[in-house]
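Close look at the chain arrangement
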Amino acid sequence: MKSNERTLTNLLNLDRRVYLYFANTAVWDIFVKQATAEGFLWSGNSKIPKKLRDDIIAMNNNMTFNYIGWAGHMLFGCADEGIYRIDFAKYINGAEDYSYKKK
């Protein structure tokens, strides 16, 4: 990983909970590689699933991720100010504004 690349670890410094959006399985595959390389795990300290099962997950301060369920999806859809909604594809591609925007 290049020193100027955006990392998942950088997102741990945000002052709100982070939800990551994945547009497709190709973006998920990139995420799994990057998260594994940075030492992240899935909830329960297991390996991050290789298959995309949901388009939105939560990032925790203890370097784990988890699914958010229906309540988390509602929170994400309402653009609640208590969370950061990050489009992972935009984030890793260096977009200035990488927040998720409803299409």
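Fair warning: this is a prediction, and the values are worked out from it, not measured in the lab. (Residues numbered from 1 in each chain as written. Predicted model: local features only at pLDDT ≥ 70, side-chain atom pairs only at ≥ 80, totals over all residues. Heavy atoms only, no water.)

Observations regarding the environment of asparagine 62
This is how it is decided: Each helix is a run of DSSP H or I of at least 4 residues and each strand a run of E of at least 2, with the numbering of both proceeding from the N terminus.
With respect to the secondary-structure elements, asparagine 62 resides in the loop between β3 (56–60) and β4 (64–67). Between the C-alpha atoms of asparagine 62 and phenylalanine 40, which are 22 residues apart in sequence, the distance is 8.6 Å.

Section: unusual backbone geometry
Positive phi outside glycine occurs at asparagine 45, with the angle close to 60°. For asparagine 45, the location among the structural elements is in the loop between β2 (41–42) and β3.

Re the packing of aromatic side chains
The test is simple: Working definition: rings of Phe, Tyr and Trp (its six-membered ring) pair if their centres are within 6.5 Å, and the pair is stacked with planes under 30 degrees apart, edge-to-face with planes over 60 apart, and tilted otherwise. Each residue is assigned to one of three classes by its accessible area relative to the maximum for its type, calculated with a 1.4 Å probe on protein chains only: buried under 20%, partly exposed between the two thresholds, exposed over 50%. Any Lys NZ or Arg CZ that is within 6 Å of a ring centre and within 35 degrees of that ring's normal is treated as a charge sitting over the ring.
What the rule picks out here adds up to 14 aromatic pairs. Here phenylalanine 22 and phenylalanine 88 contribute two aromatic rings whose centre-to-centre distance is 5.6 Å and whose plane-to-plane angle is 50°, an arrangement assigned as tilted. Pair noted here: phenylalanine 22 is in the loop between β1 (17–21) and α2 (25–37) and phenylalanine 88 is in helix α4 (residues 88–92), with a separation of 66 residues, a long-range link. For the pair shown, phenylalanine 22 and phenylalanine 88 are each scored as buried. With 4.9 Å between their ring centres and 75° between their planes, tyrosine 91 and tyrosine 98 make a pair best called edge-to-face. Taking relative accessible area as the criterion, tyrosine 91 reaches 3% and is therefore assigned buried. Of the residues examined, tyrosine 98 reaches a relative accessible area of 24% and is grouped as partly exposed. The lysine or arginine in question, arginine 16, covers the ring of tyrosine 84, its NZ or CZ lying 3.9 Å from the ring centre. Arginine 85 extends its terminal NZ or CZ atom over the ring of phenylalanine 76, reaching a point 5.0 Å from the ring centre.

Details of the environment of arginine 53
By the element assignment, arginine 53 lies in the loop between β2 and β3. Each C-alpha atom of the pair arginine 53 and tryptophan 28 lies 9.7 Å from the other, and the pair is 25 residues apart in sequence.

Some points on the side chain of threonine 7
Going by this rule: N or O atoms closer than or at 3.5 Å make up a polar contact, with two conditions inside protein: a donor-capable atom paired with an acceptor-capable one, and, for residues adjacent in sequence, both atoms drawn from side chains.
Tracing the sequence through the fold places threonine 7 in the segment before α1 (8–11). With a relative accessible area of 14%, threonine 7 lands in the buried category. Among the polar contacts made by the side chain of threonine 7, one reaches the side chain of asparagine 10 at a distance of 2.4 Å.

Observations regarding the pairing of β4
The line we're drawing: Strands qualify as paired when DSSP identifies two bridges or more between them.
The pairing of β2 with β4 spans two bridges and is parallel. By the bridge assignment for β4, leucine 41 is matched with threonine 64. One ladder, built from four bridges, connects β3 with β4; its direction is antiparallel. Residue pairing across strands places methionine 59 opposite phenylalanine 65, the latter belonging to β4. What sits between β3 and β4 in their antiparallel hairpin is a turn of three residues, with methionine 63 showing a positive phi close to 65°.

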